[in-house]
Amino acid sequence: MNKVLVTGGLGFIGSHIVNRYVEMGWEVHCLDSVEETSSRNRINDWSKVNFIKSRIENIDVNFLPDVDLVINSAAETHVDYSFTRPMDFINANIVGLHNLAQFCIKNKATLTHLSTDEVIGTGEDLYEDSMLKPTNPYAFTKCAGENLLHAYGYCSDLNWKVVRLNNIYGKMQFPDKLIPKFIYHILDGEKLPLHGDGKQTRNFLNVDDFVDALCLVNEKGENKNIYNVSTDEEYPIIDVTKMICEQMDVDFDEVVEFGEDRPFNDPCYHSKSDKLRKLGWKPKYTLKGYFKELVTWYINNRSFL
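Residues numbered from 1 in each chain as written. Predicted model: local features only at pLDDT ≥ 70, side-chain atom pairs only at ≥ 80, totals over all residues. Heavy atoms only, no water.

As a further point, take the packing of helix H1 (residues 12-23) against helix H6 (residues 207-220). Packed helix pairs are characterised by how far apart their axes lie and by the angle those axes make with each other. In contact at an axis separation of 10 Å, H1 and H6 are set at 60 degrees when each is read in the N-to-C sense. What the angle tells us is that H1 and H6 run oblique. Between H1 and H6 the crossing geometry is right-handed. Of H6, the residues touching H1 (which contributes Phe-12, Ile-13, His-16, Ile-17, Arg-20 and Tyr-21) are Val-207, Asp-208, Phe-210, Val-211, Asp-212, Leu-214, Cys-215 and Asn-218. In terms of residue class, the contact of H1 with H6 is built from nine nonpolar, two polar and three charged. (Axes fitted to C-alpha atoms, helices over the stretch in contact; angles between N-to-C directions. Helix = DSSP H or I, 4+ residues; strand = E, 2+ residues; numbered from the N terminus. Parallel < 35°, antiparallel > 145°, perpendicular 65-115°, else oblique. Left-handed = near helix turned anticlockwise from the far one by under 90°. Contact = heavy atoms within 4.5 Å. Nonpolar A, V, L, I, M, F, W, Y, C, P; charged D, E, K, R; others polar.)

Written out as structure tokens, the structure is:
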């Protein structure tokens, strides 16, 4: 039986990965620090999951289980927080990744690391070999993580793969992210805060489509390679906000509150996924097509955390 360790496995994306690999019949180990954004309720079948509690920057690699594959979804990810506590991002996203790399080198396991399209924040097209140009501390730590794996691949023969994500949406996301946050603000009668004019654009990727891509990269992707996972579904943040308001039958002008823009708010991310699509991947979902189901789920499952 194939064995996998998923870090950050109680988080939004990590839990979907855990559930998928359980469905595929793997022996699954889940590592998580069980902090604010984690939830045990996201795991479908605990009888088939071995749980380890730890932050990845604090793990003792000598006590991790023997596995064939490590999937690193553990990370500090909220851009706004990276301006006020950047050391937390450096510790989790660089030091923690170093620990996992050392474990994989020692145990001849493959390491698949989740990165982001934010590694280039200037609005330029992002290919797998583009020059990285981060514009915030979070994005910098993801760039550093990619370079760290590249270095260990050469000097220590680490087998690694990187998948770069768009803005992910789906069920069970922690409500500090745009869609669930605004849904719950409306339910609570609170204003919807938009950065600047809200015209910054983002590409949106369904979490199940992402897990499909991840599994394909793990199965057919080349070691020591980066794969962009992206859609062509690009929306200004203000338009996504209008979609939420329309679905929840509230007046956009009455509930939205425009505020100061975040420092160096990236205008867009144009990530190109031709390399992944040549392996046979394409998204099954669109945000518009999935939106009614998504909003309904959040309204009916507020206690999922």
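This part is about helix H3 (residues 86-107). With 22 residues, H3 should reach 32 Å at 1.5 Å per residue; the first-to-last C-alpha distance of 31 Å fits that figure. Restricting attention to buried positions, one finds in H3 the residues Phe-89, Ala-92, Asn-93, Ile-94, Gly-96, Leu-97, Asn-99, Leu-100, Ala-101, Phe-103 and Cys-104. On its buried face, H3 is in contact with strand E1 (3-7), strand E4 (69-72), helix H2 (79-84), strand E5 (110-116) and helix H4 (137-155). The first or second residue beyond H3 is Lys-108, which carries a positive phi of 55 degrees. (Expected span 1.5 Å × (residues − 1). Buried < 20%, exposed > 50% of the residue type's maximum accessible area, 1.4 Å probe, protein only.)

Take the packing of aromatic side chains next. Throughout the structure, instances matching the rule amount to 10 aromatic pairs. Residues Tyr-184 and Tyr-298 carry aromatic rings whose centres are separated by 6.0 Å and whose planes lie at 80 degrees to one another, so their mutual orientation is edge-to-face. Placement of Tyr-184 in helix H5 (residues 178-187) and of Tyr-298 in helix H10 (residues 287-300) is noted, with a sequence separation of 114 residues between them. Given a relative accessible area of 6%, Tyr-184 falls into the buried group. (Phe/Tyr/Trp six-rings, centres within 6.5 Å; stacked < 30°, edge-to-face > 60°.)

In the Ramachandran plot, Asp-157 falls in the positive-phi region, its phi being about 55 degrees despite a non-glycine side chain. Within the secondary structure, Asp-157 is located in the loop between H4 and strand E7 (160-165). Exposure remark for Asp-157: the relative accessible area of 55% places this residue in the exposed category. Even without a glycine there, the phi angle at Lys-224 is positive, about 60 degrees. Secondary-structure assignment places Lys-224 in the loop between H6 and strand E11 (225-229).

Looking now at the pairing of strand E10 (residues 201-206). In terms of burial, E10 is a largely internal element, six of the six residues being buried. Residues Thr-201, Asn-203 and Leu-205 line one face of E10 and the alternating positions Arg-202, Phe-204 and Asn-206 line the opposite face, and both faces are buried. Two elements, E10 and strand E12 (residues 234-236), share three bridges in a ladder whose sense is antiparallel. Across the sheet, Asn-203 pairs through a bridge with Glu-234, a residue of E12. (Pairing = 2+ DSSP bridges.)

Strand pairing within a sheet occurs via backbone hydrogen bonds; the two strands may be parallel or antiparallel. Taken in spatial order, the seven strands make up an open sheet running E3-E2-E1-E4-E5-E7-E11, and their pairing is parallel. Strands at the two margins of the open sheet, each flanked by one partner only, are strand E3 (49-53) and E11. Going across the sheet, the axis of each strand differs from the next one's by a mean of 20 degrees, ignoring polarity. For E5 and E7, the ladder comprises six bridges, and the chain directions are parallel. Bridging across to E7, Thr-112 finds its partner in Lys-161. In the packing of H6 onto the sheet, contacts are made with E4, E5, E7 and E11, and the angle to E7 comes to roughly 160 degrees.

An order of E8-E10-E12 is seen for the three strands of this open sheet, with the pairing classed as mixed. Two strands close off the open sheet at either side, each with one partner strand: strand E8 (167-169) and E12. Shown here is a sheet whose adjacent strand axes are inclined to one another by a mean of 45 degrees, direction ignored. With three bridges connecting them, E8 and E10 associate as parallel partners. Opposite Asn-167, over in E10, you have Phe-204 as the bridge partner.

It is the contact of helix H7 (residues 237-247) with H10, at a shortest axis distance of 10 Å, that shows an interaxial angle of 45 degrees. It follows from the interaxial angle that H7 and H10 lie oblique. Seen from above, H7 lies across H10 with right-handed handedness. When H7 is examined against H10, the residues Val-240, Met-243, Ile-244 and Gln-247 are found in contact with a partner set consisting of Leu-287, Lys-288, Phe-291, Lys-292 and Val-295.

Ranked by size, the top nonpolar core spans 33 residues in total, and within it Ile-17, Tyr-21, Leu-114, Val-163 and Phe-210 carry the most contacts. If one sorts the elements of this core by residue count, H6 sits on top with eight residues. Discounting residues that sit within four places of it in the chain, Tyr-21 has contacts with Val-4, Trp-26, Val-28, Leu-69, Ile-71, Cys-215 and Asn-218. Tyr-235, Ile-244, Met-248 and Tyr-298 belong to the second largest nonpolar core, which has 29 residues in total. (Core = buried A, V, L, I, M, F, W, Y, C linked by side-chain atoms within 4.5 Å.)

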